[in-house]
Amino acid sequence: MSAASAQRPGQGLRRTVEDIRSMKVRGAGAIGVAGAQALADHVQTLEGRPNEVLQGARQAACELDTARPTAVTLHNGLGWVLAAVAAASSLAEQKRNALQAARLVAEQAKASKAAIAQQGARHMPDDGLVLTHCHSSAAVAVLAAAHKAGKRFDVIATETRPFRQGLLTVKALREAGIDCALTVDSAVEHHLATRDVDAVLVGADAVARDGSLFNKIGTSGVAALAHLRDVPVYSAAGLHKFTTRGPEAIPIEERDGAEVVGLADLPPGVRVLNPVFDRTPPDRITGYLTEEGLLSPAKAVARNVPQLPPEEVWR
Ligand code: RUB
């Protein structure tokens, strides 16, 4: 049993929601793991008959699920824990199953990233230039594995306004020994026009049923510009990034305008728009780098969607 279960019911749950909302925990993979663990810990605090405990777990899962609406890793991680609780016939088994499911979610996320890194490294250039956007731990793992395998490319990482996750990316790339440069987001077309960019590589917060990619705001623009110049666009997306939902059913999170600009600097009456994810249509994605290697959007969806936890566990 983890230490969090010693807390008052709901306390660890609300802390995890807050950690995800405040970006203390960020990146789709990490969010799914944190959500699943928080739910499993919460189940340890529940008492009652199995159907009452399942209802309590569902309520907690719904609360956690609102923390980062675009990243389906959260929904999937919670779904796997709910499925494990639903499959048990006693309180003790529900509690055990919940912890075991959360452990599996964490192990699967780790194993998925390692497999994607090995598979994806093959598609990185031997030398030349890769452009990446935001900070994806899976994309960084692909680049690090390719570098370790002897490939010598440079990376341009976009700053990624307003949260500047590009700083995390260049730090991680340097730790892996990879030559890299940071650039402002608005310079992407300039770099594509003036340098030989061999590939664009990004992460994934969600892959919809039609193969659309939901990722950090700006991804769709980067992909459109790359597509115009026939530069391949890859997204590192393991099983836990896929969803049965269509693109219209994936909400784009809007965050506080104060992340973009000091609100006191604005003239009265001006609103700040801060959508933090966007949708890239499947025809702009060359392929998803998955545990099974490079797959077209349609094939990646066909392989992954059947393995997801059933939506009935939420009802
Ligand atoms: C991060 C982001 C990343 C994906 C994938 O956005 O868009 O590309 O989450 O990350 P934010 P990973 O910083 O708003 O969470 O590969 O680590 O799962």
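Residues numbered from 1 in each chain as written. Predicted model: local features only at pLDDT ≥ 70, side-chain atom pairs only at ≥ 80, totals over all residues. Heavy atoms only, no water.

K.L.:
How do you make sense of the site of the ligand when you look at a structure like this?
P.N.:
Around the ligand sit 19 residues in total, of which Arg-26, Ser-136, Ser-137, Asp-205 and Asn-215 are the nearest. In the model, an oxygen atom of the ligand is placed 2.8 Å from a nitrogen or oxygen of the Ala-28 main chain. One of the side-chain N or O atoms of Asp-205 is found 2.7 Å from an oxygen atom in the ligand. A total of 450 Å² of accessible area belongs to the ligand in isolation, and the protein chains cover 98% of it. Elements with a minimum of two residues in the shell around the ligand: helix H2 (28-44), helix H6 (137-148) and strand S6 (213-216). Partitioning the shell around the ligand into residue classes produces six nonpolar, eight polar and five charged. (Near = heavy atom within 4 Å. Polar contact = N/O pair within 3.5 Å; in protein donor to acceptor, adjacent residues only side chain to side chain. Areas by Shrake-Rupley, 256 points an atom, 1.4 Å probe, with all protein chains shown as cover. Helix = DSSP H or I, 4+ residues; strand = E, 2+ residues; numbered from the N terminus. Nonpolar A, V, L, I, M, F, W, Y, C, P; charged D, E, K, R; others polar.)

K.L.:
What is the right way to look at the environment of Val-276 in this model?
P.N.:
Position of Val-276 among the secondary structure elements: in the loop between strand S7 (233-236) and strand S8 (277-280). Linking Val-276 and Arg-255, residues 21 residues apart in sequence, is a C-alpha distance of 6.8 Å. The residues contacting Val-276, other than those within four sequence positions of it, are Arg-68, Asn-215, Lys-216, Ile-217, Glu-253 and Arg-255. (Contact = heavy atoms within 4.5 Å.)

K.L.:
For this particular structure, what's the right way to read the sheet that holds strand S1 (residues 129-132)?
P.N.:
Sheet strands associate in pairs through backbone hydrogen bonding, adopting either a parallel or an antiparallel arrangement. The strand order S3-S2-S1-S4-S7-S9-S10 describes an open sheet built from seven strands, whose pairing is mixed. Every other strand in the sheet has two partners, leaving strand S3 (180-183) and strand S10 (293-295) as the edge strands with one partner each. Direction aside, neighbouring strands of the sheet carry axes that sit 25 degrees apart on average. Relative to strand S9 (residues 287-290), S7 runs parallel, the two being bridged by three bridges. Bridge pairing in S9 links Tyr-234 to Gly-287. On top of the sheet, H6 reaches S1, strand S2 (154-158), strand S4 (199-202), S7 and S9; it is set at about 135 degrees to S4, its chief contact. Contacts from helix H7 (residues 166-175) reach S1, S2 and S3, with the element oriented near 175 degrees to S3. (Pairing = 2+ DSSP bridges. Axes fitted to C-alpha atoms, helices over the stretch in contact; angles between N-to-C directions.)

K.L.:
Where do I start with the packing of helix H1 (residues 11-21) against helix H3 (residues 50-65) in this structure?
P.N.:
Helix packing for two helices is described by the angle between their axes and how far apart those axes are. Closest axis-to-axis distance for the H1/H3 pair is 9 Å, and the angle between their directions is 20 degrees. Here H1 lies roughly parallel to H3, going by the angle between them. Judged by the sense of rotation from one axis to the other, the crossing of H1 with H3 is right-handed. Residue-level contacts link Leu-13, Arg-14, Thr-16 and Val-17 of H1 to Ala-60, Glu-63 and Leu-64 of H3. Of the residues in the contact of H1 with H3, the class split is four nonpolar, one polar and two charged. (Parallel < 35°, antiparallel > 145°, perpendicular 65-115°, else oblique. Left-handed = near helix turned anticlockwise from the far one by under 90°.)

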